[in-house]
Structures are given as structure tokens and as C-alpha cells.
Amino acid sequence: MKVLVIGGGGREHALAWKLNTCARVSQVYVAPGNGGTALDDQLINIPITDVQALRKWAQTEGISLTVVGPEGPLAAGVVDEFRSHGMRIFGATKAAAQLESSKAFSKAFMQRHAIPTAEFETFTDPAAAHAYVEQKGAPIVVKADGLAAGKGVVVAQTLAEAHEAIDFMLLANTLGVSHNEGGARVVIEEFLAGEEASFIVMCDGKNVIPLATSQDHKRLLDGDNGPNTGGMGAYSPAPVVTADVHARAMREIILPTIKGMEKDGITYTGFLYAGLMIDAKGKPKTLEFNCRLGDPETQPLMMRLKSDLFEVLWAATEPGAHGKLDQISLDWDRRIALGVVLAAHGYPMTPRKGDAITGLPKNTDDAVVFHAGTAKQDDVVSTSGGRVLCVTVLADNVKLAQQYAYEVTRGIQFDGMQYRRDIGFRAVKA
Ligand code: AMP
Ligand code: GLY
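Here's a quick rundown of the structure. The residue numbers shown here count from 1 along each chain, following its written sequence. Chain letters start at A and ligand numbers start at 1, both assigned in the order the entries are written. Predicted model: local features are reported for residues with pLDDT of at least 70 only, side-chain atom pairs are reported and counted for 80 or more only, and whole-chain, interface and lining totals are derived from all residues. Neither water nor hydrogens contribute to the side-chain values; these are computed over all heavy atoms in the structure.

## A word on the site of ligand 2
Here is step 1 of the chain: What makes a residue near a molecule or strand is one non-hydrogen atom of that residue sitting within 4 Å of it. The full set of residues close to ligand 2 is Asp216, Lys218, Gly230, Tyr273, Asn290, Arg292, Gly294, Asp295, Pro296 and Glu297.
Here is step 2 of the chain: We define a polar contact as two N or O atoms separated by no more than 3.5 Å, with the added condition that, inside protein, one atom must be a possible hydrogen donor and the other a possible acceptor, whereas residues neighbouring each other in sequence contribute only through side-chain atom pairs. Here Asn290 contributes a side-chain N or O atom positioned 3.3 Å from an oxygen atom of ligand 2.
Here is step 3 of the chain: Within the side chain of Arg292, one N or O atom sits 2.8 Å away from an oxygen atom of ligand 2.
Here is step 4 of the chain: Where accessible areas are quoted, they stem from the Shrake-Rupley method and a 1.4 Å probe; at the residue level, only the protein chains shown are allowed to cover. If ligand 2 stood free it would expose 190 Å²; the protein chains cover 92% of that surface.

Here's what the structure looks like:
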């Protein structure tokens, strides 16, 4: 069978790498792919991003199954487009993807269905937003409504920062948010304390199966300092998600979300990613929903997944009222997987492109360098985006995984390379 992965980041490289190992898969295509998928002679990049053009290409090529990586194509209706032509595709429909593409939609949804989340208000008028933060005080969180590649959130420690963020988002749009209908809006919400985890499940329209747990590192600098990014590294499993937290997350957040969507007339299919904040008592609250896998969480998750991903996705996309995920159980490597993101000079605000990358090691069974913002021209691989590579390894414990990942990282070079030295720190026992 021929399989198509839509997207061009590290997450999609990891999906393509994994699908390429599956028994029934004859060829994996990646649209548009990146320098890493170009380097791999088992994968083929397809330079198409337009949803309709991609569907036409997939039909002509005889693609049996498509899986969508990023939120952009989901929000643009790629799943609706493929399905309306009878093609198997795993992902959220355009309507379902609003859970991610609009913070205002998802917060109102959570409120309506009593799903635990931070208290909030939504604003279009800067004066009202400024007055609200004055009333609530700091710390407080200001979020742009619209897709912003993980950069539309400001956790303001002071009122001055909150006021500045409101002006950024409602007046200047300095963060480059793609606005939803009705223009610029912000959600202002209560600051939640605790530890974060990424809780990702697959849903086939009815059945829900959780993936292994993971934890991302959103801030640019060691110790969770500096600006928010799309993610600087991740590992799996995340010990903060104990059996009890896991059960609560399923019971209090995931299942009510899938049911709530159904009640609202939207059948949920695809990956669903709840960003959790887990407080000191082990109560999880939802920071955000994503209608897709996490990046970089997918890179460690794919290293740990032992099940045949094609068969899982095939079951999930079984035609009919819903899929057959109830017949699937996922098998995970017991080791820890840990991925360190190597980012470009200037990331996240002004990432530089075009720096040549040298020293890329050969992948092994327990160390793979997934590419994200890279491009290959002739025999040169260079940076072409903010998050460039994700060095991902398997090891028996977090400390060993860290040592191993940083050892592999040491050989890789490009001008301006930035990375965190402490990925996995919350899981390292003193
Ligand atoms: P989001 O895109 O909504 O997940 O926000 C990005 C990051 O901002 C999260 O991963 C958290 O680190 C932080 N964040 C978002 N909302 C809150 C909140 N209510 N309280 C504390 N931190 C938050
Ligand atoms: N790693 C965070 C995300 O994918 O949204």
C-alpha cells in the first residue's frame, strides 16, 4: 500500500520513518516533506500543499491511506476534502479542528461541557481587556485567538507584560497570528500552577485509545525560562502522569470532550492532544487542545511505538459510522525515549535560514536524527526553519537518555545552533 504523510516538520519525519517500517507499506510519500525526508532514499517528497491539488494527486497516485501532521491542513479542511472523494485519511475534520484553531471556541466548549480548564474571558476590545487584567492582577495569561505556531501565548508575570501582550495581539499583531472570522480576539485566563504533560489519544469517531504519555519543554531556555516556542524537546513516558492522573485525564477531560463534540454535532476523528496542567494534588486541567500529534512529542513516541502504525491507522479509518480502534492495542518499548530540538539562530521570533548543517550522524536502532526545518539541495543540507533537527534516542532511564542524546548532538553543527541542555530534567530523580 502507498501511504501519504501530510506536513514537513519533525513530527512528519517521525511518522514517515515509522510507517516505512510497516509490513504492508510499499511506499511512503511526504507532502511537502523536508531535507531529512529528502535525504532518506526510502521516502519521496511531494511538493504540493494545496488541499485540493493534494487530493487529486493522491487519487491519481493510488494512495491507500493518508495521515495529517500539522493543524494548518486540518483547519483548511483536508480531511473533509479527502473523505468526500472516498479516500481514507486520519485526522480531524475542519469543524473538529476548531478545538485547536480557535482558543475562543475551545474555551467556550470546555465551559459548556464542564471540562476542567482555567477561568477565562474573551475580548475584542483592547480597553475592556486592559480593564480586566487590572481587575484580576498578575500573573495572568493572554492568548491570541487563531493559529500562531505555539507563539500566541504570553504568560504575564506582571501587569505591564499583560498590557503589552494585549496591544501586541489586538492592535499590532506582532506575533503574526492568523485571525479567525471577526478579526483579532484574545482569551485572558487565570494562571495555573503545576506541571505540564502532553496527553494524546487517537479517536476513530467512537473508540478512543491513549498513546503513551509524554512531556514537552515549551520555553526556549534551560530551567523553563525565556519565551514560549513550539517545543524544544520532549520525552516519553512522563512520570507526572501517574496511573491516577491518567485515569482522571481520560474520565474528566478526554471522554467528555469526545462526547461533548458529538453532542454539538461534530464527530471526532484523528489525534486529540490535551495539554494538561497537573496541580500538586494530581488534578489535571486542560491548557489547550490540539487536533493533532505534538511536535516534538511524536519523535520520542514513534521511537517507542512497537505496534505496526499502518495497521493502527488502517483500523482507525475503517469505513462506516466509526473505525475499529477497539480491536487495537498499542505496544510500547519499555525504555525512555528523549528528543532534543536543535533550533536555528534567532528562533522563535526571527529564525535565520540557510546555515549549512554538518556532522549529521548515521541513524541507528536507538538514535535517530529527525529533521524539521531543513532543506536539501544537491548534497548540502541547510537550515530552513526555526526548529531544525530533533535528536531522538532510546535508553534505559532518563539520565542515560540525556547523556546519549547530548553525545549524538555534539557531532552536529550549524551556525547559530541553539538547544536546551536539560531536556527531561523533571523526570530525573535527585
Ligand atoms: P497553550 O498554547 O495554550 O498550550 O499555551 C502555551 C504554554 O503557555 C503552555 O504550554 C503553558 O506553559 C503556558 N500556559 C498556557 N496557559 C496557561 C495558564 N492558564 N497557566 C499557566 N501557564 C499557561
Ligand atoms: N509540542 C507542542 C505542540 O505540538 O503543540
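## Observations concerning the side chain of Lys143
Here is step 1 of the chain: You can see Lys143 is positioned in strand S7 (residues 140–144).
Here is step 2 of the chain: By relative accessible area, which is 5% here, Lys143 ends up buried.
Here is step 3 of the chain: Within the local environment of Lys143, its side chain forms a polar contact with the side chain of Glu189, the two groups lying 3.0 Å apart.
Here is step 4 of the chain: Polar side-chain contacts of Lys143 include one of 3.1 Å to the backbone oxygen of Leu287.
Here is step 5 of the chain: When residues no more than four places from it in sequence are discounted, the contact partners of Lys143 are Lys103, Gly152, Val153, Met169, Arg185, Val186, Val187, Glu189 and Leu287. A helix here means a DSSP run of H or I that spans at least four residues, while a strand means a run of E at least two residues long, and both kinds are numbered starting from the N terminus. Type-normalised accessible area, obtained with a 1.4 Å probe on protein chains alone, sets the label of each residue: buried when under 20%, exposed when over 50%, and partly exposed for intermediate values. Only heavy atoms enter the contact rule, under which two residues are in contact if any of them lie within 4.5 Å.

## Things to note about the packing of aromatic side chains
Here is step 1 of the chain: The aromatic pairing rule takes the rings of Phe, Tyr and Trp, using the six-membered ring of Trp, and pairs them if the centres are within 6.5 Å, calling planes under 30 degrees apart stacked, those over 60 edge-to-face and the rest tilted. A full pass over the atoms with the stated rule returns six aromatic pairs.
Here is step 2 of the chain: Centre to centre, the rings of Trp17 and Phe370 are 5.3 Å apart; their planes meet at 80 degrees, and the pair counts as edge-to-face. You can see Trp17 sitting in helix H1 (residues 10–19) and its partner Phe370 sitting in strand S21 (residues 367–371), a full 353 residues away along the chain.
Here is step 3 of the chain: A relative accessible area of 23% places Trp17 in the partly exposed class.
Here is step 4 of the chain: Here Phe370 falls in the buried class, since its relative accessible area comes to 0%.
Here is step 5 of the chain: Look at Phe123 and Tyr132: their rings are 5.1 Å apart centre to centre, the planes differ by 50 degrees, and that puts the pair in the tilted class.
Here is step 6 of the chain: Using a relative accessible area of 10% as the deciding quantity, one classes Phe123 as buried.
Here is step 7 of the chain: Tyr132 gets classed as buried once you look at its relative accessible area, which sits at 10%.

## Comments concerning the nonpolar core
Here is step 1 of the chain: We call a set of buried Ala, Val, Leu, Ile, Met, Phe, Trp, Tyr and Cys residues a nonpolar core when their side-chain atoms join them within 4.5 Å. Formed by 48 residues in total, the largest nonpolar core has its most connected members in Leu4, Phe82, Ile254 and Tyr268.
Here is step 2 of the chain: Elements with a contribution of two residues or more to this core: strand S1 (2–7), strand S2 (27–32), helix H3 (51–61), helix H5 (78–83), helix H7 (103–112), strand S12 (195–204), helix H10 (243–263) and strand S18 (269–278).
Here is step 3 of the chain: Top element by residues in this core is H10. It accounts for seven residues.
Here is step 4 of the chain: Filtering out sequence-adjacent residues up to four positions away, Leu4 remains in contact with Tyr29, Val30, Ala31, Leu54, Trp57, Ala58, Ile63, Leu65, Thr66, Val67 and Phe82.
Here is step 5 of the chain: Counting residues in hydrophobic clusters, the runner-up holds 41 residues, among them Val3, Leu19, Cys22 and Phe310.

## What to know about the side chain of Ser307
Here is step 1 of the chain: Checked against the element boundaries, Ser307 lands in the loop between helix H11 (298–304) and helix H12 (309–316).
Here is step 2 of the chain: Assessed through its relative accessible area of 12%, Ser307 is described here as buried.
Here is step 3 of the chain: A distance of 2.7 Å separates the side chain of Ser307 from the backbone nitrogen of Asp331, its partner in a polar contact.
Here is step 4 of the chain: In this view, Ser307 contacts Lys18, Val312, Ser329, Leu330 and Asp331; residues no more than four positions away in its chain are not counted.

## Concerning the packing of helix H8 (residues 126–136) against helix H9 (residues 159–172)
Here is step 1 of the chain: Axis angles are defined between N-to-C directions and span 0 to 180 degrees, where every axis is a line fitted to C-alpha atoms and, for a helix, only to the segment in contact. In contact at an axis separation of 10 Å, H8 and H9 are set at 160 degrees when each is read in the N-to-C sense. Classified by the angle between their axes, H8 and H9 sit roughly antiparallel to one another. Note that H8 runs across H9; the crossing there is right-handed. Between H8, through Pro126, Ala129, His130, Val133 and Glu134, and H9, the contact on the second element is made entirely by Leu159, Ala162, His163, Ile166, Asp167, Leu170 and Leu171. For this classification, under 35 degrees means roughly parallel, over 145 means roughly antiparallel, 65 to 115 means roughly perpendicular, and everything else is oblique. By convention, the crossing between two helices is left-handed when the near helix turns anticlockwise from the far helix through less than a right angle, and right-handed when the turn is clockwise.

## Regarding the pairing of S7
Here is step 1 of the chain: Burial analysis of S7 places five of its five residues in the buried class, which makes it a mostly covered element.
Here is step 2 of the chain: Paired strands, as defined in this entry, are two strands with at least two bridges between them according to DSSP. Sheet topology note: the S7/strand S9 (residues 153–156) ladder contains four bridges and is antiparallel. The partner of Ile140 across the bridge, within S9, is Ala156.

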